[in-house]
Number of protein chains: 2
Amino acid sequence: MGLSKGARKVLKVLARRGASEVLWALGKGSARFSDLEAVLRLSPRTLAERLRELHLMGFVDRRAYAEVPPRVEYSLTPRGKRVLEFLMELDRVVETLEEVR
Amino acid sequence: MGLSKGARKVLKVLARRGASEVLWALGKGSARFSDLEAVLRLSPRTLAERLRELHLMGFVDRRAYAEVPPRVEYSLTPRGKRVLEFLMELDRVVETLEEVR
DNA sequence: CAGGATCCCTACGGATACTG
DNA sequence: CAGTATCCGTAGGGATCCTG
């Protein structure tokens, strides 16, 4: 009974600061660390942590290029896209809830 | 861009300890404080806080009876049922994600 | 019974400085 | 550029005791 352990874990990660914003931003296409940092107004510490978590859950792909200066591209995996769609649905659900109010 | 403020707030509340479990339990019918406390293994402090939050968001209805000893019945509102369905869908989504792995 | 009050520990996250 | 390391304040939540 209750949510599965996996679902609770996903829920927790998505609720952390910047998580949904990262997914949303990557939904528009791949981006670099500094791009995300600028757009999302997150400290590098938090952004790095969030990207690591999302990567570990298989929602975000990380591609590093051996250049100078270094370049790292982040993008959504198919799983990430699925979760992003879910978030968008949450948005719609909450919207209809407001109407009912 | 990004989730609406309201959606982020809902997400945060749902991710907190015991929140989804409370909704899930109430999905089976109304229950009293002590019922929930026993089933969910939450400290009274946390359970009370969670119920207050869910009530404030309009997901849970609180009905107190002026008896001795006191009796309080909690139940889902229509909005609460809608959110619970959403959580159940998260469960299914995460399940399919595991398969893809 | 249904909580509130208090104490206390842990996790989260910002600011700043530093590095491969 | 893409992070990591450190310091530190705030929020979440358990344990315990108390009360209308």
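Residues numbered from 1 in each chain as written. Chains lettered and ligands numbered in written order. Predicted model: local features only at pLDDT ≥ 70, side-chain atom pairs only at ≥ 80, totals over all residues. Heavy atoms only, no water.

With that out of the way, let us pick up the overall build of chain A. Summing up its helical and strand segments, chain A has 5 helices and 3 strands in all. Reading chain A from its N end, one meets helices and strands in the order α-α-β-α-α-β-β-α. Along the longest, intermediate and shortest principal axes, the C-alpha atoms of chain A span 55 × 30 × 25 Å. Sequence-distant contacts, at least 24 apart, represent 51% of the contacts inside chain A between residues at least 6 apart. Accessible surface, chain A: about 5,900 Å² in total, of which carbon and sulfur atoms supply 53%. (Helix = DSSP H or I, 4+ residues; strand = E, 2+ residues; numbered from the N terminus. Contact = heavy atoms within 4.5 Å. Areas by Shrake-Rupley, 256 points an atom, 1.4 Å probe, with all protein chains shown as cover.)

The next point concerns the protein's contact with DNA strand C. Taken together, 18 residues lie around DNA strand C, and Arg17 and Thr46 of chain A together with Ser34, Arg62 and Tyr74 of chain B are the ones closest in. At the protein interface, 74% of the atoms of DNA strand C within 4 Å belong to sugar or phosphate. Between a phosphate oxygen of DNA strand C and a side-chain N or O atom of Arg17 of chain A, the distance comes to 2.3 Å. Between DNA strand C and Arg32 of chain B, the relevant distance is 3.0 Å, taken from a phosphate oxygen to a side-chain nitrogen or oxygen of the residue. (Near = heavy atom within 4 Å. Polar contact = N/O pair within 3.5 Å; in protein donor to acceptor, adjacent residues only side chain to side chain.)

Taken as a whole and judged by the stated rule, the model has 1 aromatic pair over all chains. Plain terms: the ring middles of Phe86 of chain A and Phe86 of chain B are 4.3 Å apart, the flat faces sit at 20° to each other, and that makes the pair stacked. Of the two residues, Phe86 of chain A sits in helix α5 (residues 78-100) while Phe86 of chain B sits in helix α5 (residues 78-100), which places them in two different chains. With relative accessibility at 5%, the residue Phe86 of chain A sits in the buried group. Taking the ring centre of Tyr65 of chain A as reference, the NZ or CZ of Arg71 of chain A above it sits at 4.0 Å. (Phe/Tyr/Trp six-rings, centres within 6.5 Å; stacked < 30°, edge-to-face > 60°. Buried < 20%, exposed > 50% of the residue type's maximum accessible area, 1.4 Å probe, protein only. Lys NZ or Arg CZ within 6 Å of the ring centre and 35° of its normal.)

Counting residues at the interface gives 32 residues for chain B, matched by 30 residues for chain A. In total, about 3,000 Å² of surface goes out of reach between chain B and chain A, with carbon and sulfur atoms giving 69% of it. Linking chain B to chain A there are 2 salt bridges. Among the ionic pairs, Glu21 of chain A bridges to Arg8 of chain B, the shortest N-O distance being 3.5 Å. In this structure, the connection of chain B to chain A is made through 2 residue pairs in polar contact (both at pLDDT 80 or more). Secondary structure elements with two or more residues in the side of chain B that touches chain A: α1 (5-15), α2 (19-26) and α5 of chain B. The element best represented in the side of chain B that touches chain A is α5 of chain B, accounting for 13 residues. Among the residues making up the side of chain B that touches chain A, the classes are represented as 18 nonpolar, 5 polar and 9 charged. (Buried area = accessible area lost by both parts, 1.4 Å probe. Salt bridge = Lys/Arg side-chain N within 4 Å of Asp/Glu carboxyl O. Nonpolar A, V, L, I, M, F, W, Y, C, P; charged D, E, K, R; others polar.)

One finds Leu23 of chain A together with Leu23 of chain B to be the most contacted residues of the largest nonpolar core, which totals 64 residues. Contacts of Leu23 of chain A, omitting those with residues within four sequence positions, involve Leu14, Leu54, Phe59, Val60, Leu76, Val83, Leu84 and Leu87 of chain A. (Core = buried A, V, L, I, M, F, W, Y, C linked by side-chain atoms within 4.5 Å.)

Looking now at the sheet that holds strand β1 (residues 31-32) of chain B. All names here are of chain B. Here we have 3 strands laid out as an open sheet, ordered β1-β3-β2, and antiparallel in their pairing. What marks the edges here is a single partner per strand, and that holds for β1 and β2 (60-65). In terms of strand pairing, β2 meets strand β3 (residues 71-76) through 6 bridges, oriented antiparallel. Across the sheet, the residue bridging to Tyr65 is Arg71, located in β3. (Pairing = 2+ DSSP bridges.)

Residues in close proximity to DNA strand D total 19 residues, the closest being Ser34, Arg62 and Tyr74 of chain A together with Arg17 and Thr46 of chain B. The sugar and phosphate moieties of DNA strand D supply 76% of its atoms located within 4 Å of the protein. Between Pro70 of chain A and DNA strand D, the recorded distance is 3.2 Å, taken from a backbone N or O atom to a sugar or linking oxygen. One of the side-chain N or O atoms of Arg16 of chain B is found 2.9 Å from a phosphate oxygen in DNA strand D. Of all elements in the fold, only α3 (33-40), α4 (44-56) and β3 (71-76) of chain A together with α4 (44-56) of chain B reach the threshold of two or more residues within the surface near DNA strand D. In terms of residue class, the surface near DNA strand D is made up of 7 nonpolar, 3 polar and 9 charged.

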